[in-house]
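Read off the chains here:
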Amino acid sequence: MTDRIGAWVGDLVHDPVAGRDATLSDVHSDGTHLLRPRLGPGGWTAEDPKRLRIITKRTDRTDW
């Protein structure tokens, strides 16, 4: 497994542009990061994926 820098699918992140916590649900080949709220429906595209702050990596999450 390769070490990665930045958030990846399944990571719990904070999006400072939106001011919300979210789960990173998809990363498209063009670099678009899709986020969904921790609770409830909906979702959004991260305007600046490089600014996403990882709260908990997918491998460390216990709230599945």
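For the structure itself, look to the data block above.
What counts as what
- Sequence order as written defines residue numbering, which begins from 1 separately in each chain.
- Predicted model: local features are reported for residues with pLDDT of at least 70 only, side-chain atom pairs are reported and counted for 80 or more only, and whole-chain, interface and lining totals are derived from all residues.
- The basis for every side-chain value is the complete set of non-hydrogen atoms in the structure, without hydrogens or water.
- Helix numbers and strand numbers start at the N terminus; a helix is a DSSP run of H or I with at least 4 residues, a strand a run of E with at least 2.
- Atoms counted for the radius of gyration: C-alpha only. Globule rule: 2.2 Å times residue count to the power 0.38.
- Residue exposure (1.4 Å probe, protein chains only): buried if accessible area is under 20% of the type maximum, exposed if over 50%, otherwise partly exposed.
- Any Lys or Arg side-chain nitrogen located within 4 Å of an Asp or Glu carboxyl oxygen qualifies as a salt bridge.
- Put simply, a nonpolar core is a bunch of buried Ala, Val, Leu, Ile, Met, Phe, Trp, Tyr and Cys residues held in one set by side-chain atoms that sit within 4.5 Å of each other.
- Note on contacts: a residue pair qualifies if any of its non-hydrogen atoms lie within 4.5 Å across the two residues.

A look at the overall build of the chain
Turning to step 1, where the next piece is worked out: Along the chain, the regular secondary structure elements total zero helices and five strands.
Turning to step 2, where the next piece is worked out: Written out in order from the N terminus, the α and β elements of the chain read β-β-β-β-β.
Turning to step 3, where the next piece is worked out: Taking 11 Å as the expected radius of gyration for a compact globule of 64 residues, we find that the chain reaches 11 Å, a close match to that expectation.
Turning to step 4, where the next piece is worked out: Within the span of the chain, comprising 64 residues, buried residues form 27% of the whole.

Considerations on the pattern of salt bridges
Opposite charge on two side chains allows them to pair when their charged atoms are near.
Turning to step 1, where the next piece is worked out: Across all of its chains, the model carries one salt bridge by this definition.
Turning to step 2, where the next piece is worked out: When the shortest N-O distance is used, the salt bridge between arginine 38 and aspartate 21 registers 4.0 Å. Taken together, the residues span a long stretch of sequence, with arginine 38 in the loop between β3 (33–37) and β4 (44–45) and aspartate 21 in strand β2 (residues 20–27) at a distance of 17 residues.
Turning to step 3, where the next piece is worked out: With a relative accessible area of 45%, arginine 38 lands in the partly exposed category.

As for the nonpolar core
Turning to step 1, where the next piece is worked out: Within the largest apolar cluster, nine residues are counted, these being Ala7, Val13, Ala22, Leu24, Val27, Leu35, Trp44, Ala46 and Leu52.
Turning to step 2, where the next piece is worked out: Broken down by element, the residue count for this core peaks at three residues, all from β2.
Turning to step 3, where the next piece is worked out: Contact partners of leucine 52, with chain neighbours within four places excluded, come to Val13, His14, Asp15, Pro16, His33, Leu35 and Ala46.

Examining the environment of glycine 6
Turning to step 1, where the next piece is worked out: One can find glycine 6 in the segment before β1 (12–15).
Turning to step 2, where the next piece is worked out: Using a relative accessible area of 34% as the deciding quantity, one classes glycine 6 as partly exposed.
Turning to step 3, where the next piece is worked out: Look past the residues within four positions of glycine 6 in its chain and what remains in contact with it is Asp11 and Ile54.

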